[in-house]
Amino acid sequence: MDRVLTVAKSEILTLVKTKFFIVGVLLVPVMVGLSVGFQMLAMNRLDQENRTVAVIDRTGLFLTPLVKSAAKYEKEGNGDGRPGPKFTFEAVPLDGRPLDAVKLELSAKVKSKALFGYVEIPEAVLDRDAVEGVTIDYYTETPSYDALPRWLRSALNAEIVKQRFARASLDPALAAPLTRNTAVQTLGLLARNSDGTIAPAKKVNQVQTFVLPFGLMYVLFLAVMMNAPHMMTAVVEEKMSRISEVLLASATPFQILAGKLAGIAAVSIALSLVYLAGGAYVSVSFGQWDLIQPALVGWFLVFLVCAVLMFGSVFLAIGAASSDLKDAQSMMQPAMFFLLIPIFLSAVVLRSPASTVSVVASMIPTATPFLMLIRLALTPPPPMWQVLLSLALTIGTSAAFIWAAGKIFRIGLLMQGKPPNLPELMKWIRA
Amino acid sequence: MSAVEIRSVTKQFASVVAVNDLTLAVPNGSIYGFIGPNGSGKTTTIRMIMNILVPDRGDILVLSRSSQSPVRDEVGYLPEERGLYKQMTVRQVLRYYGQLKGKSARELDPPIKKWLDRLQLSEWADKKVLTLSKGMSQKVQFISTIISQPKLLILDEPFSGLDPVNADTLRDAVLDLRRSGTTIVFSTHDMSAAERMCDRIFMIFKGNKVLDGTLDEIQSRYGQDTVRVRTSAGASLLARQPEVESVNDLGNVQDVRLKGDPQAFLAKLVQQTAVYHFELKKPSLHDIFVRIVKPAESEMARPVEVA
């Protein structure tokens, strides 16, 4: 045990002095903060460009309301206190010219940047008997900018409804109140308080339904990713500089492996706790007390240790089996694939945590730490038997991986030259 | 009482027998020389003593115990290929290697200071290993091997690559350790160092033990068939004599290995040339090594005849 602790202590000191760790602890949160800040700044300030849009209005009714709505939108935005972008509209009369010729001319203007785009509003939009299949066509060279068509859809439809009311001899002023959308609010369930009163249902917190589960999974992923591959590189370097043989003269391969794994686990936990503390601070600052869930932090730490032991032993075994960094990098690809699968599946689990796909995926030991954590962070939580079964499978798999890595360590650390292929690795494990 | 006892040990890698039915006893408090050409099985034997490799057959007792885990702390091992953490300071690396042998930092600090002083490395104690010269690194590696005050010390080529002054410094340190009761297994290709330092010598060749004994025993076994000669005619005349097996031309003198009686050869030689020096000589370890290895290498190098 002393040897394991000595190796672990040395690995911890080595890891925390690496650029990876310093970058991880300090720069990643700074970079994430800068990125969020930049996006907010971009939303608030940077979209100041004036986009001029030509309008072929076959009804002759929409230009003035559009100009008015655009001016209001520029000033008030979506009503969230932030101003909207500036859209300028100019009418394009056909003057007897063929429609295609006019559209071709406008396309040239868009290409030459004289216009941002143009809109064609057909007369049929007002015809209540022929509205099926009728579209307002928006032409642009920049389809990725969707703020304009999104705004056009709502602004034009509001005006179209007004015009249809007028045509139906109804008061256009009634259009807005009669066609107003009613929001659907997502709420939790009611429960009875201990005093017998009924507690009102809570409004579902969007941050809790997405940011918390995804954030926890991402922190876990980062903690594994930032330490395990680095430790693999360290093992290869120890092999290349013949330190391995000195270590083997003082400790068994398993003690060295266990010490290194303990080192990765300790550093990963420390790194994660720094992130979680940061997240908790931000949550409390924004009054999101619901996000602080000690039980979830407990599960996070349990799954973090499982993930570190599982992937750590795989990466360390790869390091022991490789003769140089190039070998290690090519052998690491399959392990990386297994590490990334849960990230790809996370969207499915977030959307539908109790679906068969989510349940099965969260039972696969290499994915459990990430996906079961997401499920635990969502409501309703998964049945306890699923959590315990997945945890048992993960602990079993971690133990099997550590055992196999110990076998590979024993032979691999002294091996030089061509790296083993899969059958040879299996032979080492069975030896 | 033996510090190391190897009993009928065999180790095979795939189809290659690296060590074949080896039996050996290293007496307590001795310096035991391991010699043999590259790839003969020396390092495999040492790794088995260190329990880094496990024998396929046979037993190894180290400090009278077959269970290696507690013994590991009492054995210091300097591998042929040196390994130090380049980013650590000299003091950190010495402490780490000492702690891996079960010592605390407090126990280690006095011997670290003592040995750094003795090997003139005190100024480098808090410098990173990567700033050291090759010779300095080698001295640090040596200190790391002995810092835990092991009862058995296994040194694989401890002086290779060192300048004569540093080699002498380390040699003195090794002899001091022996005087204080440490048993030393000393693997080397430096035959003269083995002759000077070792109480007993063991040679392994192609996995088999071919020599084991004191230097005198080994030299007696190979007979007094070598003479050192200085004549006015030089090596060419000597090589032409039918009684001569081989001539090792050392410049002004020649070591001549004879097939027959040295006195008869001297009588014949004085009739052919002026003889200034004629000395009966025991075969050196170098000669014995070459005698064992060379015929086998010539055999291997002989082209295969195709029928």
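Scope of this entry: the structure provided in the associated data block. (Residues numbered from 1 in each chain as written. Chains lettered and ligands numbered in written order. Predicted model: local features only at pLDDT ≥ 70, side-chain atom pairs only at ≥ 80, totals over all residues. Heavy atoms only, no water.)

## Some thoughts on the overall build of chain A
The secondary structure content of chain A amounts to 15 helices and six strands. Taking 431 residues into account, the globule formula puts the C-alpha radius of gyration at 22 Å, and chain A, at 30 Å, lies well above it. Over its C-alpha atoms, taken along the principal directions, chain A stretches across nearly 95 × 65 × 35 Å. Every one of the 431 residues in chain A was classed for burial, and the buried ones make up 43%. For chain A, contacts bridging at least 24 residues in sequence account for 71% of all contacts bridging at least 6. Here chain A holds 38 positive side-chain charges and 30 negative ones, and the gap between their average locations is 8 Å. (Helix = DSSP H or I, 4+ residues; strand = E, 2+ residues; numbered from the N terminus. Rg over C-alpha atoms; globule rule 2.2 N^0.38 Å. Buried < 20%, exposed > 50% of the residue type's maximum accessible area, 1.4 Å probe, protein only. Contact = heavy atoms within 4.5 Å. Lys, Arg positive; Asp, Glu negative; His and termini not counted. Charge placed at Lys NZ, Arg CZ, Asp CG, Glu CD.)

## A closer look at the sheet that holds strand S2 (residues 16-27) of chain B
All names here are of chain B. The three strands are arranged S2-S1-S4 in an open sheet whose pairing can be described as antiparallel. Two strands lie at the open edges of the sheet, namely S2 and strand S4 (57-62), each paired on one side alone. The mean angle between the axes of side-by-side strands here comes to 15°, regardless of whether they run parallel or antiparallel. Here strand S1 (residues 2-13) pairs with S4 via five bridges, running antiparallel. The residue of S4 that forms the bridge with Glu5 is Leu61. Against the sheet, helix H1 (residues 42-49) touches S1, S2 and S4, its axis set at about 120° to S1. (Pairing = 2+ DSSP bridges. Axes fitted to C-alpha atoms, helices over the stretch in contact; angles between N-to-C directions.)

## What to know about the environment of Leu296 of chain A
Residue and element names in this part refer to chain A. Relative to the helices and strands, Leu296 resides in helix H10 (residues 294-321). In this structure the C-alpha to C-alpha distance between Leu296 and Ile374, which are 78 residues apart in sequence, comes to 10.0 Å. Aside from chain neighbours lying at most four places away, what touches Leu296 is Leu212, Leu216, Leu376 and Ala377.

## Re the interface of chain B and chain A
On the side of chain A, 20 residues touch chain B, which itself brings 25 residues to the contact. Between chain B and chain A lies a buried interface of about 2,000 Å² when both sides are counted; carbon and sulfur atoms form 55% of it. A per-residue breakdown of the area chain B buries against chain A is headed by Ile52, Arg72 and Leu100 of chain B, which together make up 29% of the total. Where chain B packs against chain A, one counts two salt bridges. Here Asp73 of chain B makes a salt bridge to Arg3 of chain A, at a shortest N to O gap of 2.4 Å. Across the contact surface, chain B and chain A share seven residue pairs in polar contact (both at pLDDT 80 or more). Per-element tally for the side of chain B that touches chain A: the top contributor is helix H3 (residues 90-100) of chain B, with five residues. When the residues that make up the side of chain B that touches chain A are grouped by side-chain class, the tally is twelve nonpolar, six polar and seven charged. (Buried area = accessible area lost by both parts, 1.4 Å probe. Salt bridge = Lys/Arg side-chain N within 4 Å of Asp/Glu carboxyl O. Polar contact = N/O pair within 3.5 Å; in protein donor to acceptor, adjacent residues only side chain to side chain. Nonpolar A, V, L, I, M, F, W, Y, C, P; charged D, E, K, R; others polar.)

## Some points on the packing of aromatic side chains
Following the criterion strictly, the structure yields 19 aromatic pairs over all chains and no others. Note on Trp299 of chain A and Phe303 of chain A: the rings are 5.8 Å apart at their centroids and 25° apart in plane angle, and the pair reads as stacked. With Trp299 of chain A and Phe303 of chain A both in helix H10 and four residues apart, the pair spans about one turn of that helix. The two residues Trp299 of chain A and Phe303 of chain A agree in class, both being buried. When the centroid spacing of 6.1 Å and the interplanar angle of 40° are considered together, the rings of Tyr96 of chain B and Tyr97 of chain B count as tilted. (Phe/Tyr/Trp six-rings, centres within 6.5 Å; stacked < 30°, edge-to-face > 60°.)

## Some details on the packing of H10 of chain A against helix H11 (residues 325-351) of chain A
All names here are of chain A. Orientation of H10 relative to H11, taken along the N-to-C sense of each, is 165°, at an axis distance of 9 Å. For the element pair H10 / H11, the angle class is roughly antiparallel. Between H10 and H11 lies a crossing whose hand is right-handed. Residues Phe311, Val314, Phe315, Ile318 and Ala321 of H10 pack against Ala328, Met331, Met332, Ala335, Met336, Phe338 and Leu339 of H11. A class-by-class count of the residues in the contact of H10 with H11 yields twelve nonpolar, no polar and no charged. (Parallel < 35°, antiparallel > 145°, perpendicular 65-115°, else oblique. Left-handed = near helix turned anticlockwise from the far one by under 90°.)

## A closer look at the sheet that holds strand S4 (residues 137-140) of chain A
All names here are of chain A. Strand order in the open sheet made by the four strands is S2-S1-S3-S4, with mixed pairing throughout. Here the strands that pair on one side only, and so sit at the sheet edges, are strand S2 (86-91) and S4. Here the strands of the sheet are splayed against their neighbours by 25° on average, with no regard to which way each runs. The sheet contact formed by strand S3 (residues 117-121) and S4 spans four bridges and is antiparallel. In the strand pairing of S4, Tyr118 is matched with Tyr139. Strands strand S1 (50-57), S3 and S4 of the sheet are contacted by helix H4 (residues 99-111), whose axis makes an angle of about 155° with S3. Against the sheet, helix H5 (residues 147-167) makes contact with S1, S2, S3 and S4, and its axis sits at roughly 65° relative to S2, the strand it touches most.

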